[in-house]
Amino acid sequence: QSIMDGVITTDAEGRILTMNPVAWQLTGYSLEAARGRPVSEIIQLADETEQCAIINPVERCLREQRAIALSNHAMLTSAFGQRYAIEQLASPVIDREGRIIGVVMVFRDVGERRRIQDQIQAQKQSLIEAQAIAHLGNWSWHIASGRIECSAEFFRIFGCEPNSREFDYPTFLSTLHPEDAARVRKAVDNALSGSEPYDIEYRVVHGNGALRHVQARGKVQRDAEGRPAMMFGTVLDITERKLAEEILLRSKQEIEDLYNKGPCGYHSLNADGIFLRVNQTELDWLGYRRDELVGKMHIAQLVSADTANLFFKHYPQLKRAGVVKDLEIELLRKDGSIIDVILNATAIYDDEGHFVASRSTITDISKQRQAQRVLAKHAAELRHAQTIAHVGSWQWNIAGDTQTWSEETYRIFGLAAETQHPGSQGLAEQVVSPGYQRFIDLVVPEDRQMIVECVNTALKSSAPYFAEFRIQRPDGEIRHIVSRAEVLRSATGEPLAMMGTNLDITERKQTELAL
């Protein structure tokens, strides 16, 4: 209420909560008339040079979530039509959770100041010195008597009503947080002795338990004999700044924790491939300490010999195109063992477009690679077993009319598997189009009708598919086959696929005929 600036506070919607007397005078509205109204209705601003309206800084502050200052050519028109050249600052009010709960708008009439700007310039140096000391609250300590004279703002910062009680040095010390009191006494003693200036941050505890963070600065005035006679200075309430710093520190710690302990490895390399930074996850995977990698080791020293060519084939692409995606390589641990990873990297360029560094993530796929190796081993064993037993496997996708045959099925039918893709069950995949008709064409004409009836019966009923028939290979050789299969159905019973085996019984048939 006592400051010379107009002060208006609003809620998070921009509606006026409080106004000080200076604000009443400049706007022409009393608090009773303005309370609860949008601030844009009370503060009407225009640019005095452009003669156009200015977006209200409170609205911008809420929208952009930052302090908004108006200092050049802003003109306020009061309810009575009087115009004031003003400077204005709208700052968000943030709670402990970091949410904006309102705005504090401070504005002042600077018309007179603009008219005497030349005079102000002459006093600029002295004003700079005064501003270096007089930030908010100010105080003067008469050392002989112990009495401290304080401004109203000083009392507010310390949680006291202005001039509510005598304020002396012991009283001042009693307001300090117990953990800070000794440190403040030492700073005062050092200032009085002349060993160092008085510039310190500490905490103040209000009578209601509220805690405020304060930055205090001061100077010592000495008598003719050089003894300290008076100490004067300022106090700045930095609670909001401290809270913001704590929020930023927590955010930084969370980001650092996410970087270091994330599920992926992270590292940065300079233009020469030397480690600049690496997270703890990657260090744990590789078995190194940070000081063993950063600034010392080249990435090439970690790439296995088997994948080195692949890595260095893509490294120029990173420099040129700026990105490498899903590169599967092997890295060497400190103990010499291998870790399989997928690497993704992005390039960093300077303002002139020169490659200066890279950032990379690696994902451990060792378990997936091991599973693939086991699966490949099982597939090879299955193929070998099928070859020995003359049993081939097959799958018919009914809707797409495509078939997946094992290598042994191709061998039984005397066909070459021209395009093969490893399947999840060790099948060599060959798409035959049209799948069913191609299969029927390989059956000798006398057996085709029987095969069709067996297939249709299996598709229409729950009976398993069983057929004994003959095929004719492309070279004309006749082979005897026993085929068994089951029908895979949807939840509604519609046939989706057939999966089965073909057993080559030609040798057995020949033996039976010989007997």
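Analysis parameters
Residues numbered from 1 in each chain as written. Predicted model: local features only at pLDDT ≥ 70, side-chain atom pairs only at ≥ 80, totals over all residues. Heavy atoms only, no water. Helix = DSSP H or I, 4+ residues; strand = E, 2+ residues; numbered from the N terminus. Core = buried A, V, L, I, M, F, W, Y, C linked by side-chain atoms within 4.5 Å. Buried < 20%, exposed > 50% of the residue type's maximum accessible area, 1.4 Å probe, protein only. Contact = heavy atoms within 4.5 Å. Phe/Tyr/Trp six-rings, centres within 6.5 Å; stacked < 30°, edge-to-face > 60°. Pairing = 2+ DSSP bridges. Axes fitted to C-alpha atoms, helices over the stretch in contact; angles between N-to-C directions. pLDDT = per-residue confidence, 0-100. Patch = residues over 30% accessible without salt bridge, like charges linked within 9 Å, V, L, I, M, F, W, Y side chains within 5 Å. Areas by Shrake-Rupley, 256 points an atom, 1.4 Å probe, with all protein chains shown as cover. Salt bridge = Lys/Arg side-chain N within 4 Å of Asp/Glu carboxyl O. Expected span 1.5 Å × (residues − 1). Bend = angle between axes of the 7 residues up to and from the residue. Polar contact = N/O pair within 3.5 Å; in protein donor to acceptor, adjacent residues only side chain to side chain.

Chemist: I keep staring at unusual backbone geometry and nothing clicks. Help me out?
Modeler: Most peptide bonds take the trans configuration, and most residues that are not glycine carry a negative phi. You will see that Q65, though not glycine, has its phi angle at about 55 degrees, which is positive. When you line up the elements, Q65 lands in the loop between α4 (57-64) and β5 (68-77). Although it is not a glycine, D326 sits at a positive phi angle of roughly 50 degrees. Position of D326 among the secondary structure elements: in strand β15 (residues 323-332).

Chemist: Quick question: what am I supposed to make of the nonpolar core here?
Modeler: Nonpolar side chains in soluble globular proteins tend to end up buried together. In terms of nonpolar packing, the biggest core is built from 28 residues, with F158, F172, Y198, Y202 and V235 touching the most fellow members. At the level of secondary structure, the elements contributing two or more residues to this core comprise β8 (137-142), β9 (148-150), α8 (152-157), α9 (169-174), α10 (178-193), β10 (198-205), β11 (211-222) and β12 (228-237). Apart from residues lying up to four places away in sequence, F158 is in contact with F167, F172, T175, Y202, V204, H206 and V235. Grouped together as the second largest cluster of nonpolar side chains are 26 residues, L318, I329, L331 and V341 included.

Chemist: Explain the packing of aromatic side chains here, please?
Modeler: Within a pair of aromatic rings, the relevant descriptors are the distance that separates the centres and the angle that separates the planes. Using the criterion set out here, one finds 19 aromatic pairs in the structure. Considering the side-chain rings of F155 and F167, the 5.9 Å spacing of their centres and the 80 degrees angle between planes classify their relative orientation as edge-to-face. Of this pair, F155 sits in helix α8 while F167 is found in the loop between α8 and α9, placing the two residues 12 residues apart along the sequence. For the pair F155 and F167, a shared accessibility class is recorded, and that class is buried.

Chemist: What should I look at first to understand the sheet that holds β9 in this one?
Modeler: Two modes of strand pairing occur in sheets, parallel and antiparallel, and in both the strands are linked by backbone hydrogen bonds. Strand order in the open sheet formed by 5 strands is β9-β8-β12-β11-β10, with antiparallel pairing between adjacent strands. Single-partner strands in this sheet number two, and they are β9 and β10. The sheet shows a mean angle of 25 degrees between the axes of neighbouring strands, direction not considered. In this sheet, β11 lies alongside β10 in antiparallel orientation, the contact comprising 8 bridges.

Chemist: Would you explain the pairing of strand β2 (residues 16-19) in this entry?
Modeler: In this sheet, β2 lies alongside strand β1 (residues 6-11) in antiparallel orientation, the contact comprising 3 bridges. Following the sheet pairing, T10 is matched in β2 by I16. Count of turn residues in the β1/β2 antiparallel hairpin: 4 residues, of which G14 carries a positive phi of about 85 degrees.

Chemist: I'm lost on the confidence of the model for the chain in this one. Help?
Modeler: If pLDDT is low for a region, its predicted coordinates should not be looked at in detail. Of the residues in the chain, 89% reach a pLDDT of 70 or more, and the chain-wide mean stands at 85. When the criterion is pLDDT under 50, residues 419-434 qualifies, and its contacts beyond four places in sequence or with other chains add up to 38 contacts.

Chemist: Help me understand a nonpolar patch on the surface in this model?
Modeler: A cluster of nonpolar side chains, namely L488, L496 and M499, defines an oily patch on the protein surface of about 230 Å² accessible area. By the secondary structure assignment, L496 is in strand β22 (residues 495-504). Relative accessible area serves as the criterion here: at 43%, L496 is assigned to the partly exposed category.

Chemist: When you look at helix α14 (residues 305-321) in this model, what are you seeing that I'm missing?
Modeler: Residue pairs three or four apart in sequence face the same way in an α-helix, which turns once every 3.6 residues. For α14, built from 17 residues, the straight-helix expectation of 24 Å at 1.5 Å per residue is met to within 8% by its first-to-last C-alpha distance of 25 Å. In α14, a bend of some 25 degrees at F311 exceeds every other bend along the element. Buried within α14 are the following residues: T307, A308, F311, H314, Y315 and L318. Its buried side turned inward, α14 meets β13 (265-270), β15, β16 (338-349) and β17 (355-364). The positive-phi residue at the C-terminal boundary of α14 is G322, with phi of around 90 degrees.

Chemist: Would you take a moment to explain the side chain of D47 for this structure?
Modeler: Following the sequence through the fold, D47 ends up in strand β3 (residues 44-47). Relative accessible area serves as the criterion here: at 15%, D47 is assigned to the buried category. D47 has contacts with C52, I54 and H73, leaving out every residue within four places of it along the chain.

Chemist: Explain the environment of R290 to me, please; I cannot follow it from the model alone.
Modeler: As for its position among the elements, R290 is in helix α13 (residues 290-293). The class for R290 is partly exposed, based on a relative accessible area of 33%. Considering only alpha carbons, one finds R290 and N279, 11 residues apart in sequence, at a separation of 8.3 Å. With residues near it in sequence (within four places) discarded, R290 still touches N260, V278, N279, Q280 and L283. Of the polar contacts made by the side chain of R290, one reaches the side chain of N260; its length is 3.0 Å.

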